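Okay, here's what each chain looks like letter by letter:
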Amino acid sequence: MKGKIFNIQRLSYHDGPGIRTTVFLRGCNLRCAWCHNPESQSPKPQLAYYRSSCTGCGICIEHCEKGAITINDGVIDYDRSKCENCGNCADYCVANARRYENREMTAEALVKLLLKDKAYYDKSGGGVTFSGGEPFLQKEFLIEALQLCRESGLHTAVETALCIPSDSLREAAPYVDLFMFDMKAMDDDAHRKATGASNKQILANIKLLSELGADGLIRIPIVKGLNDSEENLKATAEFLLRETSFTCVEPLKLHTLATSKYDSLGMDDTLSGFESTDDETYTCVCNMLEAYGIHVIINK
Ligand code: SF4
Ligand code: SF4
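Residues numbered from 1 in each chain as written. Chains lettered and ligands numbered in written order. Predicted model: local features only at pLDDT ≥ 70, side-chain atom pairs only at ≥ 80, totals over all residues. Heavy atoms only, no water.

### Topic: the domain arrangement of the protein chain
Its domain assignment divides the protein chain into domain 1 (2–43 + 102–296) and domain 2 (48–99). Of the roughly 380 Å² buried where domain 1 meets domain 2, counting both sides, 48% is carbon and sulfur surface. If you look at where domain 1 meets domain 2, you find 0 salt bridges. One can count 3 residue pairs in polar contact (both at pLDDT 80 or more) joining domain 1 with domain 2. (Domains from an automatic or database assignment. Buried area = accessible area lost by both parts, 1.4 Å probe. Salt bridge = Lys/Arg side-chain N within 4 Å of Asp/Glu carboxyl O. Polar contact = N/O pair within 3.5 Å; in protein donor to acceptor, adjacent residues only side chain to side chain.)

Below you can see the structure in the form of structure tokens.
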């Protein structure tokens, strides 16, 4: 079986302990309005076109059999309705204005690639992180890759939204050293509106991870009006302290740097409707969590 991967990021410092390689798997079953990886959402590869990087050389035109690219008065016109996302044009764009991130590879081939940086992992206490999208949407591939990593002595982390069947977690848990997941909102209606899904399965899975004795890094992406209220933070703390053995949370500042990705993919830009988290709000959220008994990890 081959996994569908949209990016492999080597020498990553933000996706778990030490120096890591992060493998981003395609497809997501949530639609968080503040998503920073909109290119991960579709299970199928998409062509991204960054107009600001385009030099107007026109080379891509002759490599598009679908007639999706034309030039008018020296300006490139890209008709997305004619584009079939074959990715051919991206191979010829030296300006990197056309990008087509798509890899399909077996778990064996992936782990062989991951092992190239083993010396860095070993020296820094790092390893491999599977992210997405939702990596569990490719469960068979994920678990096979995790098993091979484990056999190769690689530390494994999985970044998941946990909106997945509990059996998938049980199956994967023996091969995962660290689960990384968000707590987005405790109010179910608010969670549904913001992400398109209920939080019930997610909360049940957090409890399950605790029961399994799994190591977890819990993050709260601070979204103004969704989860920065005292009511939500108190409910978050109470849930963790009452229902689980997890006592640490890492609040994350929201930033809006990824808005150009939406335009490049022809998607509605839902991210620009949000404000970046300012220092004052960040400190306030940290203080409230601490007041309710949660140990806060400051994100640097
Ligand atoms: S090849 Fe790239 S830089 Fe040249 S016109 Fe096409 S998109 Fe623009
Ligand atoms: S991805 Fe394929 S169909 Fe779409 S513009 Fe490029 S060459 Fe044409």
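### A few points about the environment of Asp15
Take Asp15: it is sitting in the loop between β1 (2–12) and β2 (20–25). Look at Asp15 and you get buried, because its relative accessible area is 12%. Taking the C-alpha atoms as reference, Asp15 lies 8.7 Å from Val128; in sequence the two are 113 residues apart. The contact partners of Asp15, leaving out residues within four places of it in the chain, are Arg20, Thr22, Thr129, Glu159 and Met180. (Helix = DSSP H or I, 4+ residues; strand = E, 2+ residues; numbered from the N terminus. Buried < 20%, exposed > 50% of the residue type's maximum accessible area, 1.4 Å probe, protein only. Contact = heavy atoms within 4.5 Å.)

### A few points about the environment of Ser40
With respect to the helices and strands, the residue Ser40 is situated in the loop between β2 and β3 (48–49). With a relative accessible area of 2%, Ser40 lands in the buried category. Sequence separation between Ser40 and Phe6 is 34 residues; the distance between their C-alpha atoms is 6.9 Å. In this view, Ser40 contacts Phe6, Arg26, Gly27, Cys28, Gly132 and Gly133; residues no more than four positions away in its chain are not counted. Engagement of the side chain of Ser40 in a polar contact is seen with the backbone nitrogen of Gly133, the distance being 3.0 Å.

### Quick look at the side chain of Thr244
Turning to its location among the elements, Thr244 is positioned in the loop between α7 (230–243) and β12 (248–252). A distance of 3.0 Å separates a polar atom in the side chain of Thr244 from the backbone nitrogen of Phe246. Apart from residues lying up to four places away in sequence, Thr244 is in contact with Ile206, Lys207, Ser210 and Phe239.

### Let's talk about the packing of helix α1 (residues 107–114) against helix α3 (residues 139–151)
Between α1 and α3, whose axes approach to 9 Å, the crossing angle comes to 45 degrees. It follows that α1 is oblique to α3 by the angle criterion. The two elements α1 and α3 cross, and the hand of that crossing is right-handed. Along the contact surface, α1 presents Ala107, Glu108, Leu110, Val111 and Leu114, while α3 presents Phe141, Glu144, Ala145, Leu148 and Cys149. Here the residues of the contact of α1 with α3 sort into 8 nonpolar, no polar and 2 charged. (Axes fitted to C-alpha atoms, helices over the stretch in contact; angles between N-to-C directions. Parallel < 35°, antiparallel > 145°, perpendicular 65-115°, else oblique. Left-handed = near helix turned anticlockwise from the far one by under 90°. Nonpolar A, V, L, I, M, F, W, Y, C, P; charged D, E, K, R; others polar.)

### Thoughts on the layout of surface pockets
Considered as a void within the structure, the second largest pocket measures approximately 180 Å³ in volume. Surrounding the second largest pocket, 16 residues form its lining, Cys64, Glu65, Lys66, Cys86 and Asn88 being those nearest its centre. Looking at the lining of the second largest pocket, its residues break down into 8 nonpolar, 4 polar and 4 charged. (1 Å grid on protein atoms, 1.4 Å probe; cavity = no way out; pocket = protein on both sides within 12 Å on 5 of 7 lines; lining within 4 Å. Points joined across faces, edges and corners; volume = space filled by probe spheres on them.)

### Some remarks on the site of ligand 1
Near ligand 1 you find Tyr49, Cys54, Thr55, Gly56, Cys57, Gly58, Cys60, Ile76, Cys93, Ala95, Ala97 and Arg98, and these make up its full shell. With respect to the detected pockets, ligand 1 is housed in the largest cavity. The class makeup of the residues in the shell around ligand 1 is 8 nonpolar, 3 polar and 1 charged. (Near = heavy atom within 4 Å. Sits in = over half its atoms within 2 Å of the grid points.)

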